[in-house]
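Structure at a glance
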Amino acid sequence: AAKSLGGNQYHYFTPSMQEAVQKRMHMINDLHVALENNQFETVFQPIIDLKTGDICRAEALIRWHHPVHGLINPASFVPLAEDTGLIQAFGDWVFLEAAKAASRWRKYVPDFQVSVNISPVQFKNEGIDTNVWFAHLKSLNLPPEAIVIEITEGLLLDIDEHTSNQLLALSDAGIEVALDDFGTGYSSLAYLKKLDIDYVKIDQMFVKNLTTSEEDRVLCEAMTVMAHKLDIAVIAEGVETLAQLRMLASFNCDYGQGYYISGPVNDEEFEELLAASRNPDGNAPGTMMGHV
Ligand code: C2E
Ligand code: MG
Ligand code: MG
Ligand code: MG
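Residues numbered from 1 in each chain as written. Chains lettered and ligands numbered in written order. Predicted model: local features only at pLDDT ≥ 70, side-chain atom pairs only at ≥ 80, totals over all residues. Heavy atoms only, no water.

**Here's the deal with the overall build of the protein**
What the protein contains, in helices and strands, is 11 helices and nine strands. Over its C-alpha atoms the protein spans a radius of gyration of 21 Å, differing by no more than 12% from the 19 Å that the globule rule assigns to 292 residues. Considering only C-alpha atoms, the protein reaches an extent of 70 × 50 × 40 Å along its principal axes. With 292 residues in all, the protein has 45% of them scored as buried. (Helix = DSSP H or I, 4+ residues; strand = E, 2+ residues; numbered from the N terminus. Rg over C-alpha atoms; globule rule 2.2 N^0.38 Å. Buried < 20%, exposed > 50% of the residue type's maximum accessible area, 1.4 Å probe, protein only.)

**Considerations on the coordination of the magnesium ion (ligand 2)**
Taken together, the protein ligands of the magnesium ion (ligand 2) are Glu-59 (OE), Asn-117 (OD1), Glu-150 (OE) and Asp-180 (OD), with distances of 2.0 to 2.2 Å. Look at where the donors of the magnesium ion (ligand 2) fall in the sequence and you get E-x57-N-x32-E-x29-D. Separating the magnesium ion (ligand 2) from the magnesium ion (ligand 4) is a gap of 4.4 Å, which Asp-180 spans by donating to each of them. Linking Glu-59 in strand E2 (residues 55–66) with Asn-117 in strand E4 (residues 113–117), this pair joins segments that are 58 residues apart in sequence. Classification of Glu-59 as buried rests on a relative accessible area of 4%. (Donors = N, O, S within 2.8 Å, 3.2 Å for Na, K, Ca; no water.)

**Observations concerning the pattern of salt bridges**
Under the definition given, this model contains nine salt bridges. A salt bridge links Glu-150 to Lys-201, with the shortest nitrogen-to-oxygen separation between them at 2.7 Å. With Glu-150 in strand E5 (residues 147–152) and Lys-201 in strand E7 (residues 199–202), this pair connects stretches of sequence that are 51 residues apart. The network of salt bridges with shared partners includes Glu-59, Glu-150 and Lys-201. (Salt bridge = Lys/Arg side-chain N within 4 Å of Asp/Glu carboxyl O.)

**Some details on the nonpolar core**
The biggest cluster of nonpolar side chains holds 73 residues, and the ones touching the most others in it are Ile-147, Ile-149 and Ile-151. If sequence neighbours within four positions are ignored, Ile-147 has contacts with Phe-95, Ala-98, Ala-99, Ala-102, Val-114, Val-116, Leu-137, Leu-142, Ile-175 and Glu-176. (Core = buried A, V, L, I, M, F, W, Y, C linked by side-chain atoms within 4.5 Å. Contact = heavy atoms within 4.5 Å.)

**Here's the deal with the side chain of Ser-164**
Its location among the elements puts Ser-164 in helix H6 (residues 161–172). Here Ser-164 falls in the buried class, since its relative accessible area comes to 16%. At 3.2 Å, the side chain of Ser-164 forms a polar contact with the backbone oxygen of Glu-161. Among residues more than four places away in sequence, those in contact with Ser-164 are Ile-159 and Leu-195. (Polar contact = N/O pair within 3.5 Å; in protein donor to acceptor, adjacent residues only side chain to side chain.)

**Some words on the packing of aromatic side chains**
One pass over the full model with this rule turns up 13 aromatic pairs. Centre to centre, the rings of Tyr-199 and Tyr-255 are 6.4 Å apart; their planes meet at 65 degrees, and the pair counts as edge-to-face. Of this pair, Tyr-199 sits in strand E7 while Tyr-255 sits in strand E9 (residues 255–256); the two residues are 56 residues apart in sequence, bridging distant segments of the chain. Taken together, the ring pairs in this structure connect Phe-40, Trp-64, Phe-77, Phe-90 and Trp-93 into an aromatic cluster. Above the plane of the ring of Tyr-255 lies Arg-57, whose end atom (NZ or CZ) is 4.4 Å from the centre. One cation-aromatic arrangement involves Lys-194 over Tyr-191; the distance from NZ or CZ to the ring centre is 4.8 Å. (Phe/Tyr/Trp six-rings, centres within 6.5 Å; stacked < 30°, edge-to-face > 60°. Lys NZ or Arg CZ within 6 Å of the ring centre and 35° of its normal.)

Take a look at the structure:
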């Protein structure tokens, strides 16, 4: 862009770039305020057991209700939180929210699990204070296996000893680990065992054309078979149709998550979904699977 302006380097910052920089500075400032003023909300997306159709777990997903800009999705602000070091405080907050939800919903479903997304940046520098997390669990009287942390393959790409130690401290304590967006990165399969991964989440890009693309069907099935051979359970993301749900069940994929089942909802709505899924008079188990 600078060259097209006649090679004058001093024109590098065009007015629109200055605006972008300023907007970013404002957003960073707003992010600090948001943490102090509780502008974040955790929403929950149900995950069902593909054998029974029952809701058996939830993924906690963060939302930001900005006082001026309205609802902001994580894709827009998580990277900012990562760049500014706010991700640590933010991650601790989400963890506690997930733990509180798990302790409520375990009253309905004793082995209910809530999963929480962890940014690779949370492990950097001073890292996660695992003792704080364990203290939260203790204060809620919640067993560690009620929580699943979701990490991405990107984390495994340049994993250092510091990160793998924190990860193993969490999983040794009994917190389970899911590899998110599975199949989209370049992680070494050896890490699946080395890091004690309990679940892989097949990325929605493979599920999207599952019933129309032979290639995607083969990939989904192969990932499922491989994970099972390693004693790893499989969650399919982005399930948007009954046909996808049935095909995933047909090759023994364990769990499904996606708009066909439900989008992310607030905690009250989630509790209603959970009650309905367990109530034989209401939305009977299996209804979701189409075999009423
Ligand atoms: P993710 O962990 O892979 O989460 C799944 C995303 O797919 C969510 O987007 C969810 O709303 C969306 N989704 C669910 N079902 C469907 C479907 O059937 N079709 C389609 N097209 N999309 C579906 P969301 O909530 O916008 O989150 C985006 C990403 O932001 C997440 O991807 C995760 O990487 C990150 N994220 C969300 N919450 C947190 C958090 O608390 N902490 C951190 N570090 N990252 C978070
Ligand atoms: Mg996730
Ligand atoms: Mg484990
Ligand atoms: Mg994902």
